[in-house]
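The primary structure of each chain is shown beneath.
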Amino acid sequence: MLKKILIANRGEIAARIIRTCKKLGIQSVAVFSEADQHAPYVRMADESYLIGKPRVNESYLNIEKIIEIAQHTSVVAIHPGYGLLSEHPRFAEACKEAGIVFIGPPSEVIAKMGSKVEARKEMEKAGVPVVPGTTDAIQTVEEAVQFATEVGYPVMLKASSGGGGIGMELVHDSEGLKKAFESNSKRALAFFGDGTMFIEKKIENARHIEIQIMADQFGNVVHLFERECSIQRRHQKVLEEAPSPFLSEKTRKKMGAAAIQAAKTIGYYNAGTIEFLVDEDENFYFLEMNTRLQVEHPVTEEITGIDIVEQQINIAAGQALHFDQTDVQRHGHAIEVRIYAEDPVNFFPSPGQITKLIVPEGIGIRNELAVEEKSMVTPYYDPMIAKLIATGNTREEAIDKLSGALRQYKIEGIKTNLPLLKEILKQEAFQTGNTLTSFIDTYYIPQSTT
């Protein structure tokens, strides 16, 4: 077992990892920026260290400083959480060079799957269906227009090294593509250091469904079923649930088998997620692979009873999976909503002090919190401040529990997306499981909520 772990992250995911460390009797070390010095996770950890100024490039993205603190505190492993450095191959390599275990896959696998172009090639090699698109990165707008004309509009323009919806845009004609290519290429270069782009054919009436996999260092790979993640705003997820209300058992098994094959083909280990687009006829296409823990991992934990963070730690410690595919059983239904400090009308961030916070509790209700009453929500980080997960024996029961919990949830002092979440649950399309990626654009009318 890994005796002492540094969490190279912040907010609710840092608190989540610390909780499992406490359960396993592992010492935890937190790092925090000046803006996060009063955050709840800082007090939860056994040790906490200031890492730098508020901006991420001066704190949470400072690889050298994180390694320095890890060595100073004699940790044996680092958990990167999600976002920030979690999918940065140089960080994984720096841990290895320092003799510290990186709780995640090998750096070369992170690098390969971090490039959407290379990831597509690997999936084709594994026999996993991919969305029709460019095989190589596109360097010029002329190449982009030529390919889009051949494959037919609409198309999705994406940054080769992108994530979180950055550098991604749906375009319907050549003029729109020319404008989008220039702006998104510049944005991708600024965020990821890589301005190359690629194009995929737009899958109409699509669902976004992902498969959670766990793989050890001995070649054993299992999947923990799927998560339905179609409800998004600006290409970022808002609500996730497991299992998907849309998939048939036949397709569920095929997608699980494809995800396992993908992981084996690239030599993957630790937790990972294969994301797919699924059309109306249940044809599925590889979208991307996330080589880390996902924000929405709690819904999988709730329906399987498997602590994914615990499994990550065990795998990183060199342990084999103690279960196989037949041992993984699905029970009930879980739904997660992400609570953002943002204006529910225009989705702009809403920093400020939380003057009142009432969090719902009860059987089947799980809260993951980055804040507490009197916390300051700063403009420096992602505006997600909490996650609320409801679990029931059926989807209908989970929806009822979640609806009741959202009515109890109170956050004052800042604007939040709570009105949006309540409105989503009211929609008949959601209640019947008709959750396409266009859901919010189709059904959400901001002026109708307050």
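Here's a quick rundown of the structure.

About the cut-offs
Residue indices begin from 1 for each chain and proceed along its sequence in written order. Side-chain atom pairs in this predicted model are given and counted only at pLDDT of 80 or more, local residue features only at pLDDT of at least 70, and totals for whole chains, interfaces and linings cover all residues. The basis for every side-chain value is the complete set of heavy atoms in the structure, and neither hydrogens nor water enter the calculation. Two strands make a pair as long as DSSP finds a minimum of two bridges between them. Helix and strand definitions here come from DSSP, where helices need a minimum of 4 consecutive H or I residues and strands a minimum of 2 consecutive E residues; each element is numbered from the N-terminal end. Only heavy atoms matter for contacts: two residues are in contact if any of them lie within 4.5 Å across the pair. Fitted lines through C-alpha atoms give the axes, limited to the stretch in contact for helices. The angle between two N-to-C directions lies from 0 to 180 degrees. Residues enter a nonpolar core if they are buried and are Ala, Val, Leu, Ile, Met, Phe, Trp, Tyr or Cys, with the set joined through side-chain atoms within 4.5 Å. Buried, partly exposed and exposed residues are distinguished by accessible area as a fraction of the type maximum, computed with a 1.4 Å probe on protein chains only: under 20%, between the cut-offs, and over 50%, respectively.

Across the sheet, which stays open at both edges, the 5 strands sit in the order β3-β2-β1-β4-β5 with parallel pairing between neighbours. Looking along the sheet, the strands with just one partner apiece sit at the ends: β3 (47-52) and β5 (101-102). Alignment of strand β2 (residues 27-33) against β3, held across 5 bridges, turns out to be parallel. Its bridge partner lying in β3, Ala 30 is registered against Ser 48. Along the sheet face, helix α3 (residues 63-72) touches β1 (4-7), β2, β3 and β4 (77-79) and points at about 155° away from the line of β3.

In this section: the nonpolar core. Core analysis: the largest hydrophobic core is formed by 59 residues, its most contacted members being Leu 6, Tyr 41, Ile 78 and Phe 91. In terms of residue count, helix α1 (residues 11-24) provides more of this core than any other element does, 6 residues in total. Residues within four places of Tyr 41 in sequence aside, it is in contact with Asn 9, Arg 10, Gly 11, Ala 14, Ala 15, Ile 18, Ala 30, Val 31, Phe 32, Asp 36 and Tyr 60. Among the nonpolar cores identified, the runner-up in size contains 36 residues, and Ala 370, Ala 386, Ile 414 and Ala 429 belong to it.

Positionally, Gly 133 belongs in the loop between α6 (116-126) and α7 (141-151). A residue is classified by how much of its surface remains accessible, and Gly 133, at 17% relative accessible area, is buried. Beyond its immediate sequence surroundings of up to four residues, Gly 133 is in contact with Arg 120, Phe 147, Ile 199 and Glu 200.

Strand order in the open sheet made by the 8 strands is β13-β12-β9-β10-β11-β14-β19-β17, with antiparallel pairing throughout. Each of the sheet's edge strands pairs with one partner strand only, and the pair in question is β13 (284-290) and β17 (365-369). This sheet shows a mean twist of 25° between the axes of neighbouring strands, independent of strand direction. Docked against the sheet, helix α9 (residues 249-266) engages β9 (207-215), β10 (221-233), β12 (270-278) and β13, running at close to 110° with respect to β10.

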